[in-house]
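Examination of the molecular architecture
Okay, here's what each chain looks like letter by letter:
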Amino acid sequence: MSVGMFKAGDFRCPAADALKARGYEPVLGGHRRRERLEQFAFGPFMAACDARPRAGGELTENPRPSKPMHDGLRRWTAHAMESYAAAFPEDPDLSLSDVETPWRYSHLAAGTRTPGGDEYHLTVWGRCLQSREGAVRELRLPVNRLGRQPPPESFIAAAALVLAEGAPGPRPERVRIIEFALLDAKVRVLFDGTREEALATYRNHGRAALTALLDSQEYRPGAGCADCMYASVCPVLRRAPGLLGIDEPGRTRRWWSVTNGRNYQVCPARDQMRRLHLPTADEVEHAPAVDRGRALHAYLAERHGSGSPRPCTVKVPEQWVPEGFELPEAERALGAQLLRGHAAICPMRLVRDAADVRNEPRVVRHDTMAEVVVVARPDLLYRDGGAWVWREMKTAARDKPSDRPLLEQYPQLALAVLLLARGDLGGTPGRARIEFEVLRPGGADIEILDPFVPEVRTAAGRVVHVLVGRWLRDENYAPRPGRACDRCETARWCASGPTLQVAR
Ligand code: SF4
Ligand code: SF4
């Protein structure tokens, strides 16, 4: 087991972690991802750190990343190395140096499944350093940015156990766990204490979490299914062969969402950098209008999802902006106006029971013909007279609608059409529909799409096919400079980005 399993998050599936921890492997259908380019964004950074000379001047082996890097990842890694040097400047007095073999804690649980007992190993991932005599051990955990909250206590406790008890090397007297941000060299100390304190932390916060992790049966389908070795035998990952209209699979299994498809259409390099989770520019990601849209979604999700269904009214509270969002006054006022418009077409008018509402659910399907795990997140699913209705909502600061066909403008609607047309969500098929709600300052509009109309179904298939087809066979993700560069959130890592174009 890796202590990373103690971290929650959308990319972790507790059931897959539990199966892995117990060493189970599927007899048939195991999967190994075969991308041409490196897809683990921290891999090149770790390899570059490993390749630096150790204390005393000796060079280590040079474990280069095993795969070529996307140019954006190369730039990001160079930046990350500079940040690491800034966060931890060379200091001969500290006398900490990288260990050759990361620590591993081993435990033999007597007489359970195998003769002699089951052996468990717990490992840490990060930069592992120790003092010359081994009295101090330090784990440095790289992250892109420091989160608002530190990682869960159980994660810190499990890491503390590995540092306090792990082999090889003498047991330390002192243990330190530090998080550091590769973007801006910020550092946060997660634990700093004696070996005994580290063990006490594990007893208090780690032990119960470890048992829960080993026993978990919670399957959490998502993007991670694309890499999961249990995908072909997974009891909850739903198969949808032919969903994307692609006859031949790509070189390896991948995951896809409409957001990625749209990014790719604008610029393949941008999509690749987003998939690698390289840090994005705040001024684009958190532009006031973008945050206003997110705040509105969060507000409505909370209203529609808590307690028994209540239709929204025009009485929007003065302080409607949910916690965690900050909006300028003009955006707050516009948001309130848009929410008043929503009241007229609030879907909760048609819902009687909370069991008929799913707020921002994750809809995950494995198209086994294309070998793509499709991840969708409708704003809302609700049941109307036994049929599922897929509601998407959009806000617009201006009243003039665009002339482009709706399905091309909003491909998430096209994917919804394809899923509902297959009867994929269950319920009474005949009345299933897609509702597209647009909140404008002048009032709210709603468009209804019937997935069972052949022309709608054909147009939706065409839109999705265009988005997926070229991406599926692309292995290089070249930049496509153009007008989008001016508002590109990953431009900082792109050789074709606006800043660098000017600099040259
Ligand atoms: S396929 Fe997905 S849901 Fe199933 S075990 Fe793997 S990660 Fe979990
Ligand atoms: S700056 Fe332009 S070329 Fe580079 S990733 Fe962004 S959109 Fe693509």
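The preceding data block contains the structure.
What you are looking at is a predicted structure, and each value in this text was computed from that prediction instead of being measured.

1. Thoughts on the environment of Arg 104
- Residue placement: Arg 104 occurs in strand β2 (residues 104-109).
- Judged by relative accessible area, which is 40%, Arg 104 ranks as partly exposed.
- Put simply, Arg 104 and Glu 302 are 198 residues apart on the chain and 43 Å apart in space, counted from C-alpha to C-alpha.
- Among residues more than four places away in sequence, those in contact with Arg 104 are His 121, Leu 122, Thr 123, Val 162, Gly 166 and Ala 167.

2. Comments concerning the sheet that holds strand β7 (residues 187-194)
- Here five strands make up an open sheet; going across it, the order is β1-β4-β5-β6-β7 and the pairing mixed. In this open sheet, the two strands that pair with only one neighbour each are β1 (96-98) and β7. Across the sheet, the axes of successive neighbouring strands diverge by a mean angle of 20 degrees, strand direction being ignored.
- Across the face of the sheet, helix α4 (residues 153-165) comes into contact with β5 (136-143), β6 (174-181) and β7 while running at roughly 130 degrees to β6.
- The strands touched by helix α5 (residues 195-215) within the sheet are β6 and β7, with β7 carrying the most contacts at an inclination of about 105 degrees.

3. A short note on the pattern of salt bridges
- Counting across every chain of the model gives 36 salt bridges.
- The salt bridge involving Arg 127 is made with Asp 50; its shortest N-O contact spans 2.8 Å. Separated by 77 residues along the polypeptide, Arg 127 in strand β4 (residues 127-131) and Asp 50 in helix α2 (residues 43-50) bring together distant segments of the chain.
- For Arg 127, a relative accessible area of 4% gives the class buried.
- Across the salt bridge formed by Glu 371 and Arg 253, the nearest N and O atoms sit 3.1 Å from each other. Residue Glu 371 is found in the loop between β11 (363-367) and β12 (372-376), and its partner Arg 253 is found in the loop between β8 (238-239) and β9 (254-256); the two are separated by 118 residues along the sequence.
- The exposure class of Arg 253 is buried, given its relative accessible area of 5%.
- One connected set of salt bridges, linked through shared partners, spans Asp 384, Arg 391, Arg 431, Arg 433, Glu 435 and Glu 437.

4. Some remarks on the sheet that holds β8
- Taken in spatial order, the four strands line up as β8-β11-β12-β9 in an open sheet, and their pairing is mixed. A strand with exactly one partner marks an edge of an open sheet, and here the two such strands are β8 and β9.
- Across two bridges, the pairing between β8 and β11 is parallel. Looking at the pairing, Arg 238 lines up with Arg 365 of β11.

5. With respect to helix α13 (residues 454-473)
- Between its terminal C-alpha atoms α13 stretches 29 Å, which fits the 28 Å expected from 20 residues at 1.5 Å a residue.
- Helix geometry: α13 is bent most strongly at His 465, by close to 30 degrees.
- Among the residues of α13, those classed as buried are Val 456, Ala 459, Ala 460, Val 463, Val 464, Leu 467, Val 468, Gly 469, Trp 471 and Leu 472.

Calculation criteria
Residues numbered from 1 in each chain as written. Chains lettered and ligands numbered in written order. Predicted model: local features only at pLDDT ≥ 70, side-chain atom pairs only at ≥ 80, totals over all residues. Heavy atoms only, no water. Helix = DSSP H or I, 4+ residues; strand = E, 2+ residues; numbered from the N terminus. Buried < 20%, exposed > 50% of the residue type's maximum accessible area, 1.4 Å probe, protein only. Contact = heavy atoms within 4.5 Å. Pairing = 2+ DSSP bridges. Axes fitted to C-alpha atoms, helices over the stretch in contact; angles between N-to-C directions. Salt bridge = Lys/Arg side-chain N within 4 Å of Asp/Glu carboxyl O. Expected span 1.5 Å × (residues − 1). Bend = angle between axes of the 7 residues up to and from the residue.

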